[in-house]
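# Structure at a glance
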Amino acid sequence: PSKHRSFISFLSASLREEGGYEYKLSIVDCMLHILDLNVEIKELGLIHLSEFIEDCEYTQLSIRILHILGVHGPSTDDPTKFIRYIYNRLFLENAAIRAAALSALTNFGMHCSSLRSKLAILLLRCIHDTDDEVRDRATLFRHWLKAEGTMTVPDVSSVGDLESALKAYLQLRTESSFSMADMCTTATTDTKAENRVDHMEVNGVETDSPFLKALKQHPEFAHLPLNGDIVVRF
């Protein structure tokens with residue numbers, strides 16, 4: 001651990017040397033491993049990664065580092081020192097990196113209340129971006145940052161639950177705005193309905209049923225006692 005600081009500096013210098021994507025990804029992974037083991041140098045390591053994304057030529061690597069900054073940056077002693085590096089990506093990079101930068105900035109605002117209003121202003125400059133994804137994120141994230149108090153978003157267990165809730169909302173044709181609470185209600189209703197269907201049983205299936213014959217052809221079911229007393233669950 002006493003050598004971690006100098007080793008992080010060495011790895012940072014190596015990132016600026018010539019090399020392909022796999023080479024630099026390995027260096028970043030090594031730096032993250034060291035930062036996880038030594039919290040005292042986390043801020044130093046994050047600063048080195050922030051400087052690297054200013055010249056990084058690989059989109060996926062930049063996106064990953066931006067995500068790391070958004071997760072660990074707010075918990076450092078001075079989160080504001082990372083804002084400039086991330087904000088520059090909104091004007092100097094492609095759409096995918098700009099979207100990742102918006103997510104990282106929003107995470108700073110959600111965890112650092114003192115930065116929330118300033119970051120909301122920064123996001124305002126992105127709501128007219130040329131890319132749909134960037135515009136949508138900027139609009140949504142700015143709404144989150146301007147919300148009073150700590151906003152909690154219900155856990156979305158699956159994309160299917162969210163899709164079902166949105167379909168139900170569109171079918172109602174209501175004038176009220178969609179709420180994540182509606183998704184929870186819809187998911188609960190769907191779960192109950194699935195449980196009711198799951199408990200439906202069909203008894204008295206004949207032994208010579210074509211369905212049983214089809215099951216017996218599979219090794220996984222061949223050893224089972226498939227007879228007239230079988231219970232078929234839908």
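Here the residue numbers are simple positions, counted from 1 along each chain's written sequence. With pLDDT at 70 or above as the cut-off, local features in this predicted model cover only qualifying residues; side-chain atom pairs require 80 or more to be listed or tallied, and sums for whole chains, interfaces and linings still use all residues. Side-chain calculation: all heavy atoms of the structure are included, whereas hydrogens and water are not.

### Thoughts on the overall build of the protein
- Here a helix means four or more residues in a row that DSSP labels H or I, a strand means two or more in a row labelled E, and each is numbered from the N terminus. When helices and strands are tallied, the protein shows 12 helices and 2 strands.
- Along the protein, helices and strands appear, N-terminal first, in the series α-α-α-α-α-α-α-α-α-α-β-α-α-β.
- Partly exposed describes any residue whose relative accessible area lies between the buried limit of under 20% and the exposed limit of over 50%, with all areas from a 1.4 Å probe on protein chains only and scaled to the type maximum. Within the protein, buried positions represent 34% of all 234 residues.
- Any two residues having at least one pair of non-hydrogen atoms within 4.5 Å are treated as being in contact. A separation threshold of at least 6 residues defines the contact pool for the protein, and within that pool the share at least 24 residues apart is 58%.
- When the accessible area of the protein is evaluated, it comes to approximately 14700 Å², of which 55% is carbon and sulfur surface. In this description, accessible areas are obtained by the Shrake-Rupley approach with a 1.4 Å probe, and a residue is regarded as covered only by the protein chains that are shown.

### Quick word on the packing of helix H1 (residues 4–15) against helix H2 (residues 21–37)
- With their axes 10 Å apart at the nearest point, H1 and H2 run at an angle of 160° to one another. Viewed along their axes, H1 and H2 adopt a mutual orientation that is roughly antiparallel. Viewed along their axes, H1 and H2 form a crossing whose handedness is left-handed. Of H2, the residues touching H1 (which contributes His4, Phe7, Ile8, Leu11, Ser12, Ser14 and Leu15) are Tyr23, Lys24, Ile27, Val28, Cys30, Met31, Ile34 and Leu35.
- Note that Gly is not counted as nonpolar here; it falls among the polar residues with everything else outside the nonpolar set of Ala, Val, Leu, Ile, Met, Phe, Trp, Tyr, Cys and Pro and the charged set of Asp, Glu, Lys and Arg. Per-class residue counts for the contact of H1 with H2 are 11 nonpolar, 3 polar and 1 charged. Under this scheme, a helix contributes an axis fitted over its contacting stretch, all axes are lines through C-alpha atoms, and angles between N-to-C directions fall in the 0 to 180 degree range. Just so you know how the angles are binned, under 35 degrees is roughly parallel, over 145 roughly antiparallel, 65 to 115 roughly perpendicular, and the rest oblique. By the definition used in this description, the sense in which the near helix is turned from the far one sets the handedness, with an anticlockwise turn below a right angle giving left-handed and a clockwise turn giving right-handed.

### A few points about helix H7 (residues 116–124)
- Within H7 the residues assigned to the buried category are Arg116, Leu119, Ala120, Leu122 and Leu123. Taken end-on, H7 shows its buried residues confined to a sector of 160°, consistent with a single buried face. Turned more than 90 degrees from where H7 packs its buried face, Ser117, Lys118 and Ile121 sit exposed.
- Where H7 is buried, its residues meet helix H5 (80–92), helix H6 (95–111) and helix H8 (132–146). Working definition: the arc comes from the directions between the helix axis and the C-beta atoms, pointing outward to the latter.

### A word on the pattern of salt bridges
- Salt bridge, as applied in this entry: a Lys or Arg side-chain nitrogen positioned within 4 Å of an Asp or Glu carboxyl oxygen. Applying the stated criterion across every chain yields a total of 10 salt bridges.
- Among the ionic pairs, glutamate 51 bridges to arginine 16, the shortest N-O distance being 3.6 Å. Of the two residues, glutamate 51 is situated in helix H3 (residues 42–52) and arginine 16 in the loop between H1 and H2; the sequence distance between them amounts to 35 residues.
- Assessed through its relative accessible area of 45%, arginine 16 is described here as partly exposed.
- For lysine 167, the salt bridge goes to glutamate 163, with nearest N and O atoms at 3.4 Å. With a gap of 4 residues between them, lysine 167 and glutamate 163 both fall in helix H9 (residues 159–172), about one helical turn apart.

### Considering the packing of aromatic side chains
- Note on ring pairs: Phe, Tyr and Trp rings are taken, using the six-membered ring of Trp, and paired if centres are within 6.5 Å. Classes follow the plane angle, with under 30 degrees stacked, over 60 edge-to-face and the rest tilted. Counted under the stated rule, the structure contains 5 aromatic pairs.
- Judged by centre distance (6.0 Å) and plane angle (15°), the ring pair of phenylalanine 7 and phenylalanine 10 falls under stacked. One end of the pair, phenylalanine 7, and the other, phenylalanine 10, are both in helix H1, 3 residues apart, so they sit about a helical turn from each other.
- Centroid distance tyrosine 21 to tyrosine 58: 5.6 Å. Interplanar angle 65°. Geometry classified as edge-to-face. Of this pair, tyrosine 21 sits in helix H2 while tyrosine 58 sits in the loop between H3 and helix H4 (59–72), placing them 37 residues apart in sequence.
- Assessed through its relative accessible area of 29%, tyrosine 21 is described here as partly exposed.
- In this structure, arginine 84 packs its charged tip against the face of tyrosine 85, placed 4.3 Å from the ring centre. Only when the NZ atom of a Lys or the CZ atom of an Arg is both within 6 Å of the ring centre and within 35 degrees of the ring normal do we say a charge sits over the ring.

### Some details on the side chain of threonine 106
- Secondary-structure assignment places threonine 106 in helix H6.
- The term polar contact refers here to a pair of N or O atoms within 3.5 Å; inside protein, the definition further demands a hydrogen-donor-capable atom paired with an acceptor-capable atom, and it admits residues adjacent in sequence only when both atoms are side-chain atoms. Here the side chain of threonine 106 touches leucine 102 through a polar contact of 2.8 Å, landing on its backbone oxygen.

### Side note on the confidence of the model for the protein
- In predicted models, pLDDT denotes the confidence assigned by the predictor to each residue on a 0 to 100 scale. Across the protein, the average pLDDT comes to 79, with 77% of residues at 70 or higher.
- Below pLDDT 50 for its whole length, residues 192–206 participates in 24 contacts with residues either more than four positions away or in separate chains.
- Long-range and interchain partners of residues 228–234, a stretch whose pLDDT sits below 50, account for 23 contacts in this model, where long-range means more than four residues apart.

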